[in-house]
Amino acid sequence: MTAADQELHFADAGEAADLAAFLARLIHYDRAAAVRLQAGGGVLAVFGRPPSFEVLAIRTARLEAIIGTDTTTATTAGAAGAAGALDTTVSAGELGDALDTARAGRTADGPEVRDRGLVVTVPKAVTGPPWAGVLPPRGGWRRVSGLPGVDEVHGAVAAAVAEFRARDAELPEERRTRAERDRIGHEIWSRTLGDTGLPLRAVHAAQSLGFLRPVRAAAPAATSAGAGGGVATATPGPTAEPLALLAAGGWLRLRTPYGSIAVRTSGLSGLSVTPA
C-alpha cells in the first residue's frame, strides 16, 4: 500500500491550517518544492528546504490516526505511535491543495465541527531531492547557551536586511548584478548570531517562514517527540518557550513555538536518516 492510499487524521484543524500556511511559504520560494513527511508518536513532521536560505525547515502537527496502513487503522495509541507509520516525500503544492480541499469541505459546518480534526489524503510520492535523504538526528539534542532574546533576534535580522539594502543601493550601475548581490547576501547571512555559531540565514529563514511571530494563546503545546526527535511544537500554548537553540550530530536547530530551522555545521557525522 502506498502513501497515497493513506489518510492523515489531524487532531486539530488549526494546526492543519498552520501547516498549509507553511507549505504556501515554501511554494512562494520554490513552486516545485517537495517536502518529506514522517509520522511517529502521534505527530506528523514536515521537512522542507526553502532555496537560498540553505537551511532545513520543520513544521509539526498532531495526528489522531493514519488510516490505510497495513493495520487498517492507526491511532496515536497504536500504530501511529510506532516507527515507520509514514515516511514519504511528496509535492508541497499537492499536499497544500489536499489540505485546502479538506478545509473547504468543512466551511458549511458549524464551529463545533470546524474546531475538530481534519482528514487529508496523502499525495502520491515523488522522487525526493538530495536534501530529503539526510535529516537532522532524532535524538541527542543539547541546549546551546548564548541565544539572544526574541527582540534581539528580530533586531539582528532587521539590521542585516537594512545593511543589504544599503550596500545594494551603493553599488554602481555596472556592478549591480545578480552575482554581486549574491556575494553581498552570502557575506551578511553567513555571519553568526552573537557567539552561538548559528548563521543569520537561519534566523532570516525563521522570520520569512512565519516561525518568529508572537505566540497566540492556545491549548497546551504538544511536542513532536516521535517524528524528527522533538523538532518542533505542534500547537504553541500561552507559556510556550519563545526560542531555544539546540545542537546534535553536526547540526544546530533554532526551535520556536511554530517550527524549527536546522542547519548543518559539519559533515555527516552523527546523522540518522531512519524513518520516524
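Structure shown above.
The structure displayed is predicted, hence computed values, not measured ones.

Explain the pairing of strand S9 (residues 244-248) to me, and be specific about the residues and the numbers.
Of all five residues that make up S9, five are buried, and the element is covered over most of its length. Burial along S9 is two-sided: the face carrying Ala 244, Leu 246 and Ala 248 and the face carrying Leu 245 and Ala 247 are both buried. Here strand S8 (residues 142-143) pairs with S9 via two bridges, running antiparallel. Pairing of Arg 143 across the sheet is with Leu 246, part of S9. Where S9 lies against strand S10 (residues 251-256), five bridges are found, and the strand directions are antiparallel.

Break down helix H6 (residues 200-208) for me, with residues and values.
In terms of burial, H6 is a largely internal element, seven of the nine residues being buried. Residues of H6 that are buried include every one of Leu 200, Arg 201, Ala 202, Val 203, His 204, Ala 205 and Ala 206, and no others. The inward-facing, buried residues of H6 contact helix H4 (150-170), helix H5 (178-189), S10 and strand S11 (259-264). Where H6 ends, the next residue or the one after it, Gly 210, has phi of about 85°, a positive value.

I'd like to hear about the packing of H4 against H6, residue by residue, with values.
The contact between H4 and H6 brings their axes to 10 Å, and the two run at 100°. The angle between H4 and H6 falls in the class roughly perpendicular. Facing Val 153, His 154, Ala 156, Val 157, Ala 160 and Val 161 of H4, the residues of H6 in contact are Leu 200, Val 203, His 204 and Gln 207. Of the residues assigned to the contact of H4 with H6, the class counts are seven nonpolar, three polar and no charged.

So what's going on with the pattern of salt bridges? Residues and values would help.
Side chains that differ in sign of charge can pair as their charged atoms come close. Applying the stated criterion across every chain yields a total of 17 salt bridges. One salt bridge connects Arg 181 with Asp 168, and the closest N-O pair in it is separated by 2.5 Å. Pair noted here: Arg 181 is in helix H5 and Asp 168 is in helix H4, with a separation of 13 residues, a long-range link. Owing to a relative accessible area of 31%, Arg 181 belongs among the partly exposed residues under this scheme. A salt bridge links Arg 178 to Asp 182, with the shortest nitrogen-to-oxygen separation between them at 3.2 Å.

Any chance you could break down the packing of aromatic side chains for me, citing the residues and the numbers?
Applying the stated criterion to the full structure yields two aromatic pairs. On the basis of an interplanar angle of 25° and a centroid distance of 5.8 Å, the ring pair of Phe 22 and Phe 211 is categorised as stacked. With a gap of 189 residues between them, Phe 22 in helix H1 (residues 13-29) and Phe 211 in the loop between H6 and S9 connect regions that are remote in the sequence. Just as Phe 22 is buried, Phe 211 falls in that class too.

Each value, and the rule that gives it
Residues numbered from 1 in each chain as written. Predicted model: local features only at pLDDT ≥ 70, side-chain atom pairs only at ≥ 80, totals over all residues. Heavy atoms only, no water. Buried < 20%, exposed > 50% of the residue type's maximum accessible area, 1.4 Å probe, protein only. Helix = DSSP H or I, 4+ residues; strand = E, 2+ residues; numbered from the N terminus. Pairing = 2+ DSSP bridges. Contact = heavy atoms within 4.5 Å. Axes fitted to C-alpha atoms, helices over the stretch in contact; angles between N-to-C directions. Parallel < 35°, antiparallel > 145°, perpendicular 65-115°, else oblique. Nonpolar A, V, L, I, M, F, W, Y, C, P; charged D, E, K, R; others polar. Salt bridge = Lys/Arg side-chain N within 4 Å of Asp/Glu carboxyl O. Phe/Tyr/Trp six-rings, centres within 6.5 Å; stacked < 30°, edge-to-face > 60°.

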